[in-house]
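A look at the structure
One-letter residues, chain by chain:
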Amino acid sequence: MLIENVTFVSDRKQHSVYVNSEGIVECIDCRRKDGSIIDARGRLLIPPFINSHSHLGYAMTLGYGRKNETGTLLDAVQILREDVYPK
């Protein structure tokens, strides 16, 4: 499958992406056409596993407690328990 006219988040330019039958990107801007062709019409393509949302719990506690230096969930819960919602 070839996806044409897709905008990359990295450079904000339009590219074409070829995805094989196993769902793996084989090449970028190679114009390979051995399956279906999809026109993305400039829509944005982002890397997988990006957390594109934030939880309300985070938004409601922003600015309270110390900074989570590690970025791990375990440390975030510990900070919430100790600093934001103490017993």
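Per chain, residues are indexed from 1 in the order of the written sequence. Local features in a predicted model are, by the rule used here, given only for residues with pLDDT of at least 70; side-chain atom pairs are given and counted only at 80 or more, and totals for whole chains, interfaces and linings are based on all residues. Only heavy atoms go into the side-chain values, all of them from the structure, while hydrogens and water stay out.

With that out of the way, let us pick up the side chain of His15. For the purposes of this entry, the term helix denotes a DSSP run of H or I that reaches at least four residues, the term strand denotes a run of E that reaches at least two, and both are numbered from the N terminus. Assignment of secondary structure puts His15 in strand E2 (residues 14–19). With relative accessibility at 14%, the residue His15 sits in the buried group. Think of a polar contact as two N or O atoms within 3.5 Å of one another; within protein, one of them needs to be a possible hydrogen donor and the other a possible acceptor, and neighboring residues in sequence only count if both atoms come from side chains. Within the structure, the side chain of His15 is placed 2.7 Å from the side chain of Asp29, a separation counted as a polar contact. When neighbours within four sequence positions are excluded, His15 is seen to be in contact with Ile3, Glu4, Asn5, Val6, Phe8, Ile28 and Asp29. A 1.4 Å probe rolled over the protein chains alone gives each residue an accessible area, and that area as a share of the maximum for its type sets the label: buried under 20%, exposed over 50%, partly exposed in between. Contact criterion: two residues are considered in contact whenever any of their non-hydrogen atoms come within 4.5 Å of each other.

This part takes up a nonpolar patch on the surface. Two distance rules govern patches: like charges are joined within 9 Å, and nonpolar side chains (Val, Leu, Ile, Met, Phe, Trp, Tyr) within 5 Å, applied only to residues with over 30% relative accessible area and no salt bridge. Note that accessible areas follow from Shrake-Rupley with a 1.4 Å probe, and for residues the cover is restricted to the protein chains shown. A side-chain nitrogen of Lys or Arg and a carboxyl oxygen of Asp or Glu constitute a salt bridge if their distance falls within 4 Å. Taken together, the side chains of Val9, Leu44 and Ile46 make up a nonpolar region of the molecular surface, amounting to roughly 230 Å² of accessible area. Position of Leu44 relative to the elements: it lies in strand E5 (residues 44–45).

Two cysteine sulfur atoms form a disulfide, by the criterion used here, when they sit within 2.5 Å. According to the stated counting rule, one finds one disulfide in the structure shown. Paired through a disulfide, Cys27 and Cys30 show a sulfur-sulfur distance of 1.9 Å. The class for Cys30 is partly exposed, based on a relative accessible area of 34%.

It is worth spelling out the side chain of Thr7 at this point. Looking at the secondary structure, you find Thr7 in strand E1 (residues 2–8). When near neighbours in sequence (up to four residues on either side) are disregarded, Thr7 contacts Arg12, Lys13, Gln14, Gly42, Arg43, Leu44 and Leu45.

A few words now on unusual backbone geometry. Backbone geometry places Asn5, a non-glycine residue, at a positive phi of 55°. As for its placement among the helices and strands, Asn5 is situated in strand E1. A residue is classified by how much of its surface remains accessible, and Asn5, at 31% relative accessible area, is partly exposed. Although it is not a glycine, Arg41 sits at a positive phi angle of roughly 50°. On the secondary structure map, Arg41 appears in the loop between strand E4 (37–39) and E5. Judged by its relative accessible area of 62%, Arg41 is exposed.

Here Thr72 lies in the loop between helix H1 (56–61) and helix H2 (73–84). For Thr72, the side chain forms a polar contact with the main-chain nitrogen of Asp75, separated by 3.3 Å.

Before going further, it helps to spend a moment on the pattern of salt bridges. Tallied over the full model, the rule gives four salt bridges. A salt bridge links Arg32 to Asp34; the shortest N-O distance between them is 3.6 Å. What you see here is one network of salt bridges that share partners, running through Glu26, Arg32 and Asp34.

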